[in-house]
Amino acid sequence: MGSPKAARSKAGQGGIWRRRISAPFVVVLVAAVLVLVAFTGQFVQGPDASSRFTPVHVEDSIPRRAPTDQGLETSDSSRQEGEGSDQKAEPDESPDEAIREQQQPPEDTTEYSGKESSPQVQEDEEGIVKEAGTSSGELFACDWVSACSTPYTKCTPPSSMTVCDLSNPRFDICELCGDARTIGQSSTVMYVPHTQTSDGEEWSIRAQSRKNLPWIKKVTVKSLNTSQPAPRCTSKHAMPAIVFALGGLTANVWHDFSDVLVPLFLTAREFDGDVQFLITNNQPWFTKKYSTILSNLTRHTIIDFDSDDQVRCYPHVIVGLRSHGDLGIYPNLSPQNYTMMDFRLFVRAAYGLPAPEVGIPYRADRDDPDKKPRVMLIDRGKTRRLVNAAYVVQGLEWFGFEVVKVDQNKTDSTSLDDFVHLVDSCDAIMGAHGAGLTNMVFLRSGGVVVHVVPHGVEFMADAFYGTPARDMGLRHVNYSISPEESTLLEKYGWNHTVIKDPEAVRSSGGLEKVGEVYMSEQDIVLNMTRFGPSLLKAIDFIM
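Residues numbered from 1 in each chain as written. Predicted model: local features only at pLDDT ≥ 70, side-chain atom pairs only at ≥ 80, totals over all residues. Heavy atoms only, no water.

## What about the state of the cysteines?
Inspection of every chain in the model, using the stated rule, returns 2 disulfides. At a sulfur-sulfur separation of 1.9 Å, the disulfide partner of C164 is C174. Where C164 bonds to C174 through sulfur, the torsion about that S-S bond is close to 105°, and the disulfide is right-handed. Of the two residues, C164 is situated in strand β4 (residues 164–165) and C174 in strand β5 (residues 173–183); the sequence distance between them amounts to 10 residues. Looking at C164, the relative accessible area reads 9%, which means it is buried. Given the relative accessible area of 0%, C174 is considered buried. Paired through a disulfide, C233 and C313 show a sulfur-sulfur distance of 1.6 Å. Residues C233 and C313 share a disulfide whose torsion about the S-S bond is about -55°; that sign makes it left-handed. Within this pair, whereas C233 is found in the loop between β8 (218–223) and β9 (235–236), its partner C313 is found in strand β13 (residues 311–319), the two being separated by 80 residues in sequence. The exposure classification of C233 matches that of C313, with both residues buried. (Disulfide = S-S within 2.5 Å. Helix = DSSP H or I, 4+ residues; strand = E, 2+ residues; numbered from the N terminus. Buried < 20%, exposed > 50% of the residue type's maximum accessible area, 1.4 Å probe, protein only.)

Printed below as a string of structure tokens:
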């Protein structure tokens, strides 16, 4: 066995070897632990770290950037995707994503505003206003063709300094292509020529389609010269703009369409919604009533020009509205070859009515044996009334029609949406010569307009409603009443010029006398027997 001392000596030697062998393993183990700790600490900062944070309302901690015009230039699809952008970040959303979402500029809606959030601006050393974040060489109100980041190509600056055309008998129009600046509170639009070598010119035009009406508000257009300093821009826009006036003869449905909506379509449609409207002589009821049509002509905020305190810079400004005729568009005068059919289909699409290929209701439901052709009878409230309206309804039903009777006040309502769909449900619209017949624009292709013409206004009937109806792809049935069907006969008698010779009355008194006598004093007692052939013609068109 040996002595205890020898045994302790051997045991000591074995422990030394064990320590020598185990030491490297300890070092390796410690190193592995350190690497693991370092790796784990690094990983905490990675993509899974977001789950460790409590979501916060980003707008409380992240400063919002000022909205820019890019926020206005959104399509319908992007507008839908942007809904709910003011909500808090969800727990499974990373902070960076929430911050990026909150920093997106707010989407635009078509609404009235006298002011608009202006972009952050600053001045360079030469005093030229430019958008914050741009280089000093990127002009705020720039030569839009050469200096802007995205060249504007929808018009070319003219070689001459004349920007206004006053030659048309219906309307005046000014088109400023290049550097145009609007100053709403002074009803002024300034054009800064590319070279500023002109002597400067100035025009004052009524910015609607009836320039001969003295109460339509005027807008001043100035072409500056070298001695006239251009106003500094406070708001920069990349889209074109149209400055036009309301008022005039509006508040009458026919004039709403003939004087404003059709000319606005003719002037603005080519921009496919990427155009801003600046309206002088604002009529809030108008923009409310026709908001659906307006929002389909522009996707940008509508500006109340008279109360606008901005100096707005645009690459292209049109002042005034183009017009071809009463409730009419002439394709040969339109560079885009627009037609009244295009206008009617545009309006129907705006209200979400059935597509053009869908037939009138009677034809669409031809398989229904009980289906009757449906006619909307418009009963005027004050003048040119159907005195025997109840009898007329009975006669229409006898001829096989389903009758939808509406009052003129209904057609003048400030809310059109429900009424538009009611018109669409009808095969025909019928009424005495007057504004209510303008609602034919909501009929389907092939719909029928039954036009009852009062005594003495035959000369204007076809131009006001017959030609527009045919141009819109509708059928027009014209029925001129006899003197016996007019209440003027009882008032004036057979021997009076008003009854015997309406043309002489018009020649001596003009349209004013026509309006006073034949439009304002006359009501109608419709003879359904005499009227019958016209109804049969309408039925033939429908079937």
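## Side note on the pattern of salt bridges
The final tally for this structure, using the stated rule, is 20 salt bridges. Where D274 meets R299, a salt bridge forms, and the shortest distance between an N and an O atom there is 3.8 Å. With D274 in the loop between α4 (253–268) and β11 (276–280) and R299 in the loop between α6 (291–297) and β12 (302–304), this pair connects stretches of sequence that are 25 residues apart. Relative accessible area serves as the criterion here: at 22%, R299 is assigned to the partly exposed category. A salt bridge links D407 to K405; the shortest N-O distance between them is 3.8 Å. Of the residues examined, D407 reaches a relative accessible area of 44% and is grouped as partly exposed. When its relative accessible area of 40% is taken as the criterion, K405 is described as partly exposed. (Salt bridge = Lys/Arg side-chain N within 4 Å of Asp/Glu carboxyl O.)

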